[in-house]
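Tertiary structure, described
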Amino acid sequence: MPTADMGVIPGYSLGDRVRGLRLERGLTQEELAGTRFSKEYLSQIERGVSKPTRETITWLANRLGADPAYLETGVGGELELVERAEELLERQDYAAVCEALTGADLPATLQLRALLAESWARMYLGELDEALELLERGAALAPDPGALSEVVYRMGCCEYKRSEVDAAELLFTEALSLTEAGGAPDRLRAHIYEWRSRCYRRRRDWPAAGEDVERALELAEAAGDRMTQAHATFQASLLAERKGELASARRLAQQARKIYAEQGDRQNVGRLLNNVGAYEHLLGNSERAEKCLQESFATALDLGNDADAAQAVSSLARVQLDSGQLEQAEKNARHAIQLLADRIDYLDEVGSTQIVLGRALLELGRTDEAEVCFAQAEESFSRLASASHTAAAWTAQGDLALHRGDEREALERFRRAALALEEIDLEGREVI
């Protein structure tokens, strides 16, 4: 382990570090070399004439009470800090990542890795502006096209979560071009295709979304990367759902959930339980749906993930609305909206839940409250720039007007919804 003052030891080369530590320990070259090799050879190492093997570096580090990584690279405790943050990121402990890296004074050799880790954590915490600012700093540090492709890809992810779908698509396409120039690994290319498929899916461009999902799956399978394969299969299930292929969506979701379970990823297992529950409900299996959704909610709570918990309880509210459990639907919808407060990366979920809440209130005869909910849903969806989402809000407002006996207002709302849906071309792509 590095000593407390390891970071201020003078010297830039491996030889400089060996000499600095030796002097700090009060050792002569002969004393440090011991019986392993001559003081002449140690002198050559210190002067940079000879390059020691990894085994020799480890031996010297042990003799000097130093971190072998520091001795070899000039980075000691800082390297361990970044590696620890990356481990926390793999465990999806995003708050801990930010706590570890915020304000850390790191050498140039580690700054890009730290920026990538912290930006990804902040993105999943919903701090999208902060994440993009970190990535802009990272882009300036990227040493080659391969490294820059990773930065640009993550920028695209942030833009997608901000519902800037056009900007995200352009960034993903740019990242793919950079991977070709920089020789990036198949795993990164698979992730880029998987995320770009989301942009096409949001635009209802099913063929393009399907092609990108297939590319992602092929690359993940060729690389033997089970986790990336699970991510791509997850997206394939969502695409099947959007196309109305519910049985296929359920099958793919179960496949992805099985892989996540094999990899020990409880968070994504919980997310897939939410989706499977929604598919079971749409396929007429409401009892199984509620069981899946309750398990998904419990998993999210256990992991401390409010956003996933909100999605599970929102799905449960939809099931309860359809089964006539109006008070429970109202309660759970309000809970979901509360959990997602100020999360601009979940606008679609917030808007959909506001419609569920409004419809429950409408059935309960509380029309004024329902009107407020539908207006809030329209506002949420307007920020998504999605014709199909906004049309759902206008349709709900039309149903409210019919309930009040205002046929003229109902006709106007239904007309606006129909016109919005007409802006989706024959291929199913939104053109607004």
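Conventions adopted
Residues numbered from 1 in each chain as written. Predicted model: local features only at pLDDT ≥ 70, side-chain atom pairs only at ≥ 80, totals over all residues. Heavy atoms only, no water. Helix = DSSP H or I, 4+ residues; strand = E, 2+ residues; numbered from the N terminus. Buried < 20%, exposed > 50% of the residue type's maximum accessible area, 1.4 Å probe, protein only. Contact = heavy atoms within 4.5 Å. Areas by Shrake-Rupley, 256 points an atom, 1.4 Å probe, with all protein chains shown as cover. Axes fitted to C-alpha atoms, helices over the stretch in contact; angles between N-to-C directions. Parallel < 35°, antiparallel > 145°, perpendicular 65-115°, else oblique. Left-handed = near helix turned anticlockwise from the far one by under 90°. Nonpolar A, V, L, I, M, F, W, Y, C, P; charged D, E, K, R; others polar. Salt bridge = Lys/Arg side-chain N within 4 Å of Asp/Glu carboxyl O. Phe/Tyr/Trp six-rings, centres within 6.5 Å; stacked < 30°, edge-to-face > 60°. Expected span 1.5 Å × (residues − 1). Polar contact = N/O pair within 3.5 Å; in protein donor to acceptor, adjacent residues only side chain to side chain. Core = buried A, V, L, I, M, F, W, Y, C linked by side-chain atoms within 4.5 Å.

Below, the discussion takes up the overall build of the protein chain. Per the secondary structure count, the protein chain includes 23 helices and 0 strands. Over its C-alpha atoms, taken along the principal directions, the protein chain stretches across nearly 100 × 40 × 35 Å. Classification of the 432 residues of the protein chain by burial places 51% in the buried group. In the protein chain, once contacts between residues fewer than 6 apart in sequence are set aside, the share between residues at least 24 apart is 57%. Looking at the protein chain as shown, the accessible area adds up to about 20700 Å², and 48% of this sits on carbon and sulfur atoms.

This part covers the packing of helix α14 (residues 226-242) against helix α16 (residues 266-282). Two elements in contact, α14 and α16, have axes whose closest approach is 12 Å; the angle formed by their N-to-C orientations is 20 degrees. Classified by the angle between their axes, α14 and α16 sit roughly parallel to one another. For the pair α14 and α16, the crossing hand works out as left-handed. The residues of α16 that touch α14, namely those facing H231, F234, S237, L238 and E241, are N268, R271, L272, N275 and Y279. A per-class count over the contact of α14 with α16 returns 4 nonpolar, 4 polar and 2 charged.

Per the stated rule, a full pass over the model turns up 35 salt bridges. R203 serves as the salt-bridge partner of D166, at 2.6 Å between the closest nitrogen and oxygen. Of the two residues, D166 is situated in helix α11 (residues 165-182) and R203 in the loop between α12 (186-202) and α13 (206-223); the sequence distance between them amounts to 37 residues. Its salt-bridge partner being D399, residue R359 comes within 2.9 Å of it at the nearest N-O pair. With R359 in helix α20 (residues 347-363) and D399 in helix α22 (residues 387-403), this residue pair connects regions lying 40 residues apart in the sequence. Classification of R359 by relative accessible area gives partly exposed; the value is 25%.

Positionally, A298 belongs in helix α17 (residues 286-303). Taking the C-alpha atoms as reference, A298 lies 45 Å from T73; in sequence the two are 225 residues apart.

Moving on, we get to the packing of aromatic side chains. Two aromatic rings, taken as a pair, are described by how far apart their centres are and by the angle between their planes. Applying the stated criterion to the full structure yields 10 aromatic pairs. Aromatic side chains F37 and W59 sit 5.4 Å apart centroid to centroid with 65 degrees between the ring planes, which places their arrangement in the edge-to-face category. Of this pair, F37 sits in the loop between α2 (29-33) and α3 (39-46) while W59 sits in helix α4 (residues 54-64), and the two are 22 residues apart along the sequence. On the basis of relative accessibility, which here comes to 22%, the residue W59 falls in the partly exposed class. Here W120 and Y124 contribute two aromatic rings whose centre-to-centre distance is 5.6 Å and whose plane-to-plane angle is 75 degrees, an arrangement assigned as edge-to-face. On the criterion of helical spacing, the pair formed by W120 and Y124 is a turn pair, its members being 4 residues apart in helix α8 (residues 108-124). Overall, W120 belongs to the buried group, its relative accessible area being 15%.

This paragraph deals with the environment of C157. Of note, C157 is situated in helix α10 (residues 145-161). Along the sequence, C157 and Q254 sit 97 residues apart, while their C-alpha atoms lie 25 Å from each other. Apart from the residues within four sequence positions on either side, C157 is in contact with W120, M123, F172 and W195.

Moving on, we come to α16. Side chains that are three or four residues apart share a direction in an α-helix, a result of its 3.6 residues per turn. Between the first and last C-alpha of α16 there are 25 Å, a value that for 17 residues agrees with the 24 Å anticipated at 1.5 Å per step. Buried residues dominate α16, accounting for 14 of its 17 residues. Where α16 begins, the side chain of D265 points an oxygen toward the backbone nitrogen of Q267, at a separation of 3.3 Å. Downstream of α16 by one or two residues, G284 has phi in the positive range, about 90 degrees.

Turning our attention to the packing of helix α21 (residues 367-382) against α22. Packing of α21 against α22 leaves a shortest axis separation of 8 Å and a crossing angle of 165 degrees. Taken together, the axes of α21 and α22 lie roughly antiparallel to each other. The way α21 lies across α22 gives a crossing that is left-handed. Residues T367, E371, F374, A375, A377, E378, F381 and S382 of α21 form the contact with α22, whose own contacting residues are H389, T390, A393, W394, A396, Q397, L400 and H403. Of the residues that constitute the contact of α21 with α22, the class distribution is 8 nonpolar, 6 polar and 2 charged.

At Q92, a residue that is not glycine, the phi angle is positive and equals roughly 65 degrees. Positioned with a positive phi, R204 is a non-glycine residue whose angle comes to about 65 degrees. For R204, a relative accessible area of 27% gives the class partly exposed.

For the rest of this paragraph, the subject is the nonpolar core. The biggest cluster of nonpolar side chains holds 68 residues, and the ones touching the most others in it are V97, M123, Y153, F172 and W195. Ignoring anything within four residues of it in the chain, the contact list for F172 reads Y153, G156, C157, I192, W195, R196 and C199. Counting residues in each nonpolar core, the second largest holds 21 residues, with L321, A329, A360 and F381 among its members.

Inspection of the secondary structure assignment puts W195 in helix α12. By relative accessible area, which is 2% here, W195 ends up buried. Taking the C-alpha atoms as reference, W195 lies 8.7 Å from E169; in sequence the two are 26 residues apart. When near neighbours in sequence (up to four residues on either side) are disregarded, W195 contacts W120, M123, Y124, Y153, C157, Y160, K161 and F172.

This part covers the side chain of S314. Inspection of the secondary structure puts S314 in helix α18 (residues 306-322). Given a relative accessible area of 0%, S314 falls into the buried group. Within the structure, the side chain of S314 is placed 2.9 Å from the side chain of E349, a separation counted as a polar contact. If we skip the residues at most four places from it in the chain, S314 touches A336, E349 and T353.

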